[in-house]
Amino acid sequence: MEGAALLRSSLSSTNRAFFSFRPRFSRSFSSSASSALRTNRYRQIPQPSLLRRTFLLPAAAASPHFARRFSSLSPRAVATPLTPSPSESSGVSDGVAEKLEFEKVTEEFIGECKSKALLFRHKKTGAQVISVSNDDENKVFGIVFRTPPNDSTGIPHILEHSVLCGSRKYPLKEPFVELLKGSLNTFLNAFTYPDRTCYPVASTNTKDFYNLVDVYLDAVFFPKCVEDFQTFQQEGWHYELNDPSEDISYKGVVFNEMKGVYSQPDNILGRIAQQALFPDNTYGVDSGGDPKVIPKLTYEEFKEFHRKYYHPSNARIWFYGDDDPTERLRILSEYLDMFDASSAPNESRVQSQKLFSESVRISETYPAGEGGDLKKKDMVCINWLLSEKPLDLETELALGFMDHLMLGTPASPLRKILLESGLGEAIIGGGVENELLQPQFSIGLKGVSQDDIPKVEELVMSTLQKLADEGFDTDAVEASMNTIEFSLRENNTGSFPRGLSLMLRSMGKWIYDMDPFQPLKYEKPLLALKARIEQEGSKAVFSPLIEKFILKNPHRVVVEMQPDPEKASRDEAAEKEILEKVKAGMTEEDLAELARATQELKLKQETPDPPEALRSVPSLSLQDIPKEPIAIPTEVGDFNGVKILQHDLFTNDVLYTEVVFNMSSLKQELLPLVPLFCQSLLEMGTKDLSFVQLNQLIGRKTGGISVYPMTSSVRGKKDACSHIIVRGKAMAGRADDLFHLMNCILQEVQFTDQQRFKQFVSQSKARMENRLRGSGHGIAAARMDAKLNVAGWISEQMGGFSYLEFLQDLEQKVDNDWEKISSSLEEIRKSLLSREGCLINMTAEGKNLTNSEKFVGKFLDLLPSKSPLARTTWNARLPSTNEALVIPTQVNYVGKAANIYDTGYQLNGSAYVISKYISNTWLWDRVRVSGGAYGGFCDFDNHSGVFSFLSYRDPNLLKTLDIYDGTGEFLRQLDMDEETLTKSIIGTIGDVDSYQLPDAKGYSSLMRHLLGVSDEERQIRREEILSTSLKDFKEFANAIDAVKDKGVSVAVASPDDVDAAQKERSNLFEVKKAL
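Residues numbered from 1 in each chain as written. Predicted model: local features only at pLDDT ≥ 70, side-chain atom pairs only at ≥ 80, totals over all residues. Heavy atoms only, no water.

1. What about the overall build of the protein chain?
In plain terms, the rule: By the criteria applied, helices consist of DSSP H or I runs no shorter than four residues and strands consist of E runs no shorter than two, each listed in order from the N terminus. C-alpha atoms define the radius of gyration, and 2.2 Å times the number of residues to the power 0.38 defines the globule rule. Classification of residues uses two cut-offs on accessible area relative to the type maximum, computed with a 1.4 Å probe and protein chains only: under 20% is buried, over 50% is exposed, and between them is partly exposed. Here, two residues are considered to be in contact whenever any of their heavy atoms come within 4.5 Å of each other. In this description, accessible areas are obtained by the Shrake-Rupley approach with a 1.4 Å probe, and a residue is regarded as covered only by the protein chains that are shown. By the counting rule applied here, Lys and Arg register as positive and Asp and Glu as negative, while His and the ends of each chain are not counted. Where a charge lies is defined by one atom per residue type: Lys uses NZ, Arg uses CZ, Asp uses CG and Glu uses CD.
When helices and strands are counted, the protein chain shows 39 helices and 28 strands. On C-alpha atoms alone, the protein chain measures out to a radius of gyration of 28 Å, which is about the 31 Å that the 2.2 N^0.38 rule sets for 1075 residues. Each principal axis of the C-alpha atoms in the protein chain carries an extent, and together these give about 80 × 65 × 65 Å. Buried positions account for 68% of the 1075 residues belonging to the protein chain. In the protein chain, 84% of the contacts between residues at least 6 apart in sequence involve partners at least 24 apart. Summed over all atoms, the accessible surface of the protein chain reaches about 35,900 Å², with 48% contributed by carbon and sulfur. Counting 125 positive and 150 negative side-chain charges, the protein chain places the centres of these two groups 2 Å from one another.

So, in structure tokens, the structure goes:
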């Protein structure tokens, strides 16, 4: 699919998200499950996040190295223009509002987002509504309820899943999935926070948008789940017993999701820290649910929670975009008028946590692999609750700046000193976080030896004291200010809708009955802070904050965590003992009834909805779909033999550029060093500049620079497409600085800092270990690719399990063989840097493109004309054996894949429709709904021909592989009416045409150029998608049988499940202990 496979490499903005909303859980782990795979393939070295949880900056859906397969396909649209005001029709007359039973509370023009914003109150229920009108075609709706839990049974999370499983007007099993299948949504999901639950949707198509809004409104107010016990069982928890002679087990989507969460040390630590900081209010429990506590939740409690909190009186409702604001109120009035006011707002109010008079210390364990070296595997995090009451805007903004100065870049002093100490492998803790009622600050290290824990604490405190005493470097303050201002004005939210970013920002105050518009208005407080820094100096601004909120603050919680190789098996044994007692307490009749109920639930889960129920979900027709793909203006030029692509698009005066270098001269054995080479370019110094000075210079002059490898197969070619991409952005007036700094990092950085390089290796190893536990499906996908094609092998060398093995070995070599490593880094540079095979991609307004050409010329003139090294051929693959990578976990990640081009299959656009349909029906129903996994999906890479199946946080292993193998038969027996087929086609077009901001459009065009995809081919694929028939589904079954018959399996799984699989199917896997 153009969206899923072709734009697979189109990562979101290389700058990390500035405002990073952090809902703890979501309804679906992917807003486009069918495209949600290869985390590795187009891997980039991410820049650190800036102002992580501070209120004022744009959000993105995920950090870049998780975004590849878990973001929606690259987005579609233009930037909001710099100066236009909303049209006169953007308001709602008082008379119309009154007639619809709304009263206007406030009306403001918010210059920062060029929008007219109105706050309404529904007279009858007190429901609050914000209606934001502007020229953004990517319309957003969200409804949010305050949902504070009083225990860790996970009620808010289970309810968030359950309300989308059918409603009064839409009485089918999962309207949510029907919307995934057949709408043009640009965002569709739901989030559970510790104290609120959000239901957002977005679309650029007005008809589609209102369809989504209606399904969501009916779902939250009139869900079937409060009358259907089986939905509660499916999404929450239930006892499963297939036969009275077998053991009872727990099943449930949320139950298994949370087992996965509680298998990850970083997640465990975060939960312990939050609950210890807030022992006396709702944050002292886990809104997502503790797997040990979830089975205590009763259906009556579940229903009562919905009755109490899912009421208009307790709702905050948000509309944003270019649709008719009167129509918004009309839609809402149809629902809200059915309710009377309730006492929910008083009952849902979150109480403040009173500050401690002395600090608290907590020691816990986390599950670790048996037999490994556990000497340096401890974690320690120091956490502060900063204030008992909400902070004023200026203080909040200043704390955000302070956080960025201390931790926001590799050169930031607290981050730098901790990593350079050698006491730990990687930073943990999120710095300043203010997503909840009261702000917190957390910092620590993982990969620490137990004896060094006091040293880490002492180093944190002494560094903070030194920063309070001496203040921050002037250049650092200037760089931080420029970085943050750039981000605010650029307002680049990647594939995440801008309106949703604004909604979540606003909700951070609105949900606590504070001014919802305040977080959107940054200009005045920013100017005031700049003026104060200029007049009083930065030390006078930031030092008192460090003293008051951190150093002299007794509300401090220190969390230590030690690895425990027996914890996972102990937890499993405890669960088994509980279930044995449950079974022992049952009569034969009880057991027979439980077995019958288990089968009844499975039958319901696997029985398709009747056609009349499916027809209840509104959808578009093919007449609503454009017949031609979205065109991106592209002018191809040439400068001294170097190809230059230019995209004349409105970018708010920002220049986006990518400089692409060919990796084909690189020796095969140097490939695993490439990610560390990329990091070294950005985080080592030159002859004249320390890495801190270089980092600050980039911050002062640009919007950020990143360097990363990109690899893909090219359809019809044996050789892989492999490049290093240097990606940067700056205000157009700073184009000279941008290209000068790109040249500086490429040609002048010296690979001489042995200790910094050793830190990079430790950080990368810690990051990869964390990925194995939390994103095992990505590791499995990369591993399967490496067995099936050269491009997959290259990517896996630079970001998969092979890369982790390389890092473990390299960590020992840095001390003993640094000279060789340093010269290898230099050799990588020599093999890459030349005008031969170089390509430059630029996206900006036409005049700025023209003005930048002289700086491009100067940059190119400084490059060597040719690489001194000859072109090499990489022709390696991993052995095509089935593998199980064993990790300490309570859930599995199960994959199976094959190359369907090897069967003679010829690419047709219908494959995208079919693979999306398989994900959203067969795999959703069998792997997730019936099997209890958090996710099950497939992906077709049209470049390599690899068709992959993957599961996520899966309680099963062999059962899931059997489901994959049954896919061909599912397609052969499929009976589909015209309406269902049309929905599938429309949903696929929605992925292909997914929403894009200007920088993403330019980047997508670059990827198409590199991978040889022409506009003519895009048109052919689109026509094939639009003409997909049931016959195509049946014929595709033969191609997909290749996965069953010749496919390779990789599972990232628990020791017990792998042992059981090996016994049931003798030596199915080659077993490797991964952690």
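From this point on, the discussion continues.
2. Brief notes about the pattern of salt bridges
For clarity, the cut-off: By definition here, a salt bridge exists when the distance from a side-chain nitrogen of Lys or Arg to a carboxyl oxygen of Asp or Glu is within 4 Å.
Overall, the coordinates contain 81 salt bridges when judged by the stated rule. Counted as one network, the salt bridges with shared partners bring together Lys-377, Glu-425, Lys-765, Glu-769 and Glu-811.

3. Some details on the packing of aromatic side chains
To keep things clear, this is the line we draw: Between rings of Phe, Tyr and Trp, where Trp is taken as its six-membered ring, a pair exists when centres lie within 6.5 Å; planes separated by under 30 degrees are stacked, by over 60 edge-to-face, and by other angles tilted. A ring is scored as having a charge over it whenever the NZ atom of a lysine or the CZ atom of an arginine sits within 6 Å of its centre and within 35 degrees of its normal.
Applying the stated criterion across every chain yields a total of 45 aromatic pairs. An angle of 80° between the planes, with centres 4.9 Å apart, marks the rings of Phe-278 and Tyr-283 as edge-to-face. An aromatic cluster is defined as three or more aromatic residues linked by ring pairs; in this entry it consists of Phe-145, Tyr-199, Tyr-216, Phe-221, Phe-222, Tyr-310, Tyr-335 and Phe-339. Between Arg-168 and the ring centre of Phe-222, over which it is positioned, the NZ or CZ distance is 4.2 Å. The lysine or arginine in question, Arg-196, covers the ring of Tyr-193, its NZ or CZ lying 4.1 Å from the ring centre.

4. A few points about the packing of helix H5 (residues 175-182) against helix H32 (residues 910-930)
If you want to describe how two helices pack, look at the angle between their axes and the distance between the axes. Filter applied, for reference: Each axis is a line fitted through C-alpha atoms, taken for helices only over the stretch in contact, and angles between the N-to-C directions span 0 to 180 degrees. In this scheme, roughly parallel covers angles under 35 degrees and roughly antiparallel covers those over 145, while 65 to 115 is roughly perpendicular and the rest are oblique. In this scheme, a crossing is called left-handed if the near helix is turned counterclockwise away from the far one by less than a right angle; it is called right-handed if the turn is clockwise. Gly is put with the polar residues, along with every residue not named as nonpolar or charged; the nonpolar set is Ala, Val, Leu, Ile, Met, Phe, Trp, Tyr, Cys and Pro, and the charged set is Asp, Glu, Lys and Arg.
Here H5 crosses H32 at 165°, and the two axes come no closer than 9 Å. Here H5 lies roughly antiparallel to H32, going by the angle between them. In the packing of H5 onto H32, the handedness of the crossing is left-handed. Residues Phe-176, Val-177, Leu-180 and Lys-181 of H5 lie in contact with H32, whose contacting residues are Lys-916, Asn-920, Thr-921 and Trp-924. Classifying every residue of the contact of H5 with H32 by side-chain character gives four nonpolar, two polar and two charged.

5. So, helix H27 (residues 776-788)
So the rule is basically this: Here the expected span of a helix is defined as 1.5 Å times the quantity of residues minus one.
The end-to-end C-alpha distance of H27 is 19 Å, a good match for the 18 Å that 13 residues give at a rise of 1.5 Å each. The buried fraction of H27 is high, at 13 of 13 residues.

6. Quick word on the nonpolar core
Our working rule: Put simply, buried Ala, Val, Leu, Ile, Met, Phe, Trp, Tyr and Cys residues joined by side-chain atoms within 4.5 Å make one nonpolar core.
Of all hydrophobic cores here, the largest spans 90 residues; its most connected members are Ile-745, Phe-757 and Phe-859. Residues in contact with Ile-745, not counting those within four places in the same chain, are Leu-681, Leu-682, Leu-694, Ile-698, Ile-705, Val-707, Val-726 and Arg-829. The next biggest cluster of nonpolar side chains, apart from the first, holds 72 residues, and it includes Leu-172, Val-220, Val-254 and Met-258.

7. Notes on the side chain of His-647
We apply this condition: Residues adjacent in sequence count toward polar contacts only when both atoms are side-chain atoms; beyond that, a polar contact is any pair of N or O atoms within 3.5 Å, and within protein one must be able to donate a hydrogen and the other to accept it.
Counting through the fold element by element, His-647 comes out in strand S18 (residues 642-648). A polar atom in the side chain of His-647 sits 3.0 Å from the backbone oxygen of Pro-633. Beyond its immediate stretch of four places on either side in the chain, His-647 contacts Ile-632, Pro-633, Thr-634, Asn-841, Met-842, Thr-843, Ala-844, Leu-849, Gly-1002 and Ser-1005.

8. Structural notes on a negative patch on the surface
Where we set the bar: Exposure above 30% relative accessible area and the absence of a salt bridge qualify a residue for a patch, where like charges join within 9 Å and nonpolar side chains (Val, Leu, Ile, Met, Phe, Trp, Tyr) within 5 Å.
On the surface, a cluster of negative charge is made up of Asp-243, Glu-246, Asp-247 and Glu-580. In this structure, Glu-580 sits in helix H20 (residues 567-584).

9. What about helix H39 (residues 1055-1064)?
Applicable threshold: Working note: the arc is built from the helix axis to C-beta atom directions.
Taken residue by residue, H39 has Val-1058, Ala-1061 and Gln-1062 as its buried positions. Projection of H39 onto a plane perpendicular to its axis shows the buried side chains occupying an angular sector of 100°, all on one side. Exposed and oriented more than 90 degrees from the buried face of H39 are Lys-1063 and Glu-1064. Where H39 is buried, its residues contact strand S23 (883-886), helix H33 (958-965), strand S27 (1048-1053) and strand S28 (1070-1073).

10. Regarding the sheet that holds S23
Convention followed: We treat two strands as partners when DSSP finds at least two bridges between them.
Spatially, S25-S26-S24-S27-S23-S28 is the arrangement adopted by the six strands of the open sheet, whose pairing is mixed. Two strands in the sheet have a free side with no partner beyond their single neighbour: strand S25 (935-940) and S28. Going across the sheet, the axis of each strand differs from the next one's by a mean of 15°, ignoring polarity. Pairing of S25 with strand S26 (residues 946-952), which is carried by six bridges, proceeds in the antiparallel orientation. Bridged to Cys-938 within S26 is Phe-949. Here H32 sits on the sheet in contact with S25 and S26, set at roughly 160° to S25. Together, strand S24 (893-899), S26 and S27 form the strand contacts of H33, whose direction differs from that of S24 by roughly 30°.

11. Focus on the sheet that holds strand S17 (residues 635-639)
The six strands are arranged S17-S18-S22-S19-S21-S20 in an open sheet whose pairing can be described as mixed. Each edge of the sheet is formed by a strand with only one pairing partner; in this case those strands are S17 and strand S20 (704-712). On average, each strand axis in the sheet is inclined to that of its neighbour by 20°, with strand direction left out of account. The pairing of S17 with S18 spans five bridges and is antiparallel. Bridging across to S18, Gly-637 finds its partner in Ile-644. Packed on one face of the sheet, helix H16 (residues 474-490) meets strand S19 (654-662) and strand S21 (721-731) and runs near 95° to S21.

12. A closer look at the environment of Glu-811
The residue Glu-811 is located in helix H29 (residues 801-816) in this model. The exposure class of Glu-811 is buried, given its relative accessible area of 16%. Considered as a pair, Glu-811 and Phe-757 are 54 residues apart in the sequence and their alpha carbons are 9.7 Å apart. In this structure Glu-811 touches Glu-425, Val-761, Ser-762 and Lys-765, once residues within four positions along its chain are discounted. Side chain to side chain, Glu-811 and Ser-762 meet in a polar contact 3.1 Å long.

13. Looking at the packing of helix H4 (residues 155-162) against helix H8 (residues 253-261)
Close contact between H4 and H8 brings their axes to 10 Å; oriented N to C, the two are set at 125°. Taken together, the axes of H4 and H8 are oblique relative to one another. H4 and H8 meet at a crossing whose hand is right-handed. Mapping the contact onto sequence places His-157, Ile-158 and His-161 in H4 and Val-253, Val-254, Glu-257 and Met-258 in H8. Looking at the contact of H4 with H8, its residues break down into four nonpolar, two polar and one charged.

14. So, unusual backbone geometry
One non-glycine residue, Asp-653, lies in positive phi territory at about 70°. The backbone of Arg-953 sits at a positive phi, close to 45°, despite the residue not being glycine. Summarising the element assignment, Arg-953 is placed in the loop between S26 and H33.

15. Comments concerning the pairing of S18
Within S18, five of the seven residues are buried, leaving the element largely enclosed by the surrounding structure. Two successive antiparallel strands, S17 and S18, enclose a turn made up of two residues, where Asn-640 displays a positive phi of approximately 50°. Here six bridges tie S18 to strand S22 (residues 839-844), and the two strands are oriented parallel to one another. Among the inter-strand pairings, His-647 is bridged to a residue of S22, identified as Thr-843.

16. Structural notes on the state of the cysteines
Rule in force here: By disulfide we mean two sulfur atoms from cysteines, separated by a distance within 2.5 Å.
Scanning the entire structure with this criterion turns up zero disulfides. Free cysteine: Cys-165, not disulfide-bonded; nearest cysteine sulfur from Cys-225 at 7.5 Å. Here Cys-165 falls in the buried class, since its relative accessible area comes to 2%. Here Cys-225 falls in the buried class, since its relative accessible area comes to 0%.

Nothing here speaks to function; it is all geometry.
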